[in-house]
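Coordinates in review
For reference, the chains in residue letters:
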Amino acid sequence: AQSVTQLDSQVPVFEEAPVELRCNYSSSVSVYLFWYVQYPNQGLQLLLKYLSGSTLVKGINGFEAEFNKSQTSFHLRKPSVHISDTAEYFCAVILTNDYKLSFGAGTTVTVRA
Amino acid sequence: KAGVTQTPRYLIKTRGQQVTLSCSPISGHRSVSWYQQTPGQGLQFLFEYFSETQRNKGNFPGRFSGRQFSNSRSEMNVSTLELGDSALYLCASSSPPQETQYFGPGTRLLVL
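Residues numbered from 1 in each chain as written. Chains lettered and ligands numbered in written order. Predicted model: local features only at pLDDT ≥ 70, side-chain atom pairs only at ≥ 80, totals over all residues. Heavy atoms only, no water.

What follows deals with the overall build of chain A. Scanning chain A from N- to C-terminus turns up zero helices and twelve strands. Going from N to C terminus, chain A has its helices and strands arranged as β-β-β-β-β-β-β-β-β-β-β-β. When its C-alpha atoms are laid out on the principal axes, chain A stretches across 45 × 30 × 20 Å. Looking at chain A as a whole, 47% of its 113 residues qualify as buried. In chain A, 55% of the contacts between residues at least 6 apart in sequence involve partners at least 24 apart. As displayed, chain A offers around 5500 Å² of accessible surface, 48% of which is attributable to carbon and sulfur atoms. (Helix = DSSP H or I, 4+ residues; strand = E, 2+ residues; numbered from the N terminus. Buried < 20%, exposed > 50% of the residue type's maximum accessible area, 1.4 Å probe, protein only. Contact = heavy atoms within 4.5 Å. Areas by Shrake-Rupley, 256 points an atom, 1.4 Å probe, with all protein chains shown as cover.)

The next point concerns the interface of chain A and chain B. The partner chain B presents 20 residues to the 18 residues of chain A that form the contact. Both sides together, the interface formed by chain A and chain B hides about 1600 Å², and carbon and sulfur atoms give 58% of it. Applying the counting rule to chain A against chain B returns zero salt bridges. Along the contact surface separating chain A from chain B lie five residue pairs in polar contact (both at pLDDT 80 or more). Those elements that place two or more of their residues in the side of chain A that touches chain B are strand E5 (31-38), strand E6 (44-50) and strand E10 (87-95) of chain A. Looking at which element gives the most residues to the side of chain A that touches chain B, the answer is E5(A), with four residues. Looking at the side of chain A that touches chain B residue by residue, the classes come out as eleven nonpolar, four polar and three charged. (Buried area = accessible area lost by both parts, 1.4 Å probe. Salt bridge = Lys/Arg side-chain N within 4 Å of Asp/Glu carboxyl O. Polar contact = N/O pair within 3.5 Å; in protein donor to acceptor, adjacent residues only side chain to side chain. Nonpolar A, V, L, I, M, F, W, Y, C, P; charged D, E, K, R; others polar.)

Where empty space is left can be seen by rolling a probe of water-molecule size over the atoms. Evaluated as defined, the whole model comprises one cavity of 30 Å³ or more. Space inside the largest cavity adds up to approximately 40 Å³. Along the walls of the largest cavity sit A:Asn41, A:Gln42, B:Arg9, B:Tyr10, B:Leu88, B:Pro105, B:Gly106 and B:Arg108, which together make up its complete lining. Of the residues belonging to the lining of the largest cavity, the class tally is three nonpolar, three polar and two charged. (1 Å grid on protein atoms, 1.4 Å probe; cavity = no way out; pocket = protein on both sides within 12 Å on 5 of 7 lines; lining within 4 Å. Points joined across faces, edges and corners; volume = space filled by probe spheres on them.)

Core analysis: the biggest nonpolar cluster contains 29 residues, and A:Trp35, A:Leu48, A:Phe74, A:Leu76 and A:Tyr89 have the highest contact counts within it. Here this core takes five residues from E10(A), the largest share from any one element. By size, the runner-up hydrophobic cluster in this structure holds 21 residues, among which are B:Val32, B:Trp34, B:Tyr89 and B:Leu109. (Core = buried A, V, L, I, M, F, W, Y, C linked by side-chain atoms within 4.5 Å.)

A separate point is the pairing of strand E3 (residues 19-24) of chain B. Residue and element names in this part refer to chain B. Sheet topology note: the strand E1 (residues 5-7)/E3 ladder contains three bridges and is antiparallel. Note on E3: the bridge partner recorded for Thr5 is Ser24. Pairing of E3 with strand E8 (residues 74-78), which is carried by five bridges, proceeds in the antiparallel orientation. Each bridged residue has a counterpart across the sheet, and for Leu21 the counterpart in E8 is Met76. (Pairing = 2+ DSSP bridges.)

Below, the structure written as structure tokens:
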């Protein structure tokens, strides 16, 4: 079985500062990796995904993530955050031969002016 | 393309009642998955349907059931509601290959 660990439950950050959200996973087989964002009272919006190929993936809203197979990590970064980035962020994995997403517990990002 | 839609958006029920939630996937998507989100347990997989067949099921009691219709629309049903069933229920759809799931806005269920 696979599992996902988001190492920070809450990340406060000032506007225009960089942010990094850490995600580690464990799995005995190949996985696909995702980051989703959830704004208050909304569903999940896909930020980016890693399926194969280049380990640095770029997503929407200026976010990017790097897949590190040896460290089984998929950390999310943004070089300069905005107030509108205040939300909860979820890292998720899916086995390449499966149909269910396994999610981390989420990281709440609060951007302050 | 229109996104995943879920109805209703909000529901209030009492213990012992049953509830049916509906999900319409993105046009052309044949796989529909359901997830439960609670503050205590986070996001948990309920079940997944493809071409009207349940292919995968999470660790939920039999009170939770679902189905998928020939047009790929899906419903989930919860019978004999308990207080702990209060949650945001999210539906996601995907098209082959099945690795990328797109979520709807969710149905927030409150059980009193």
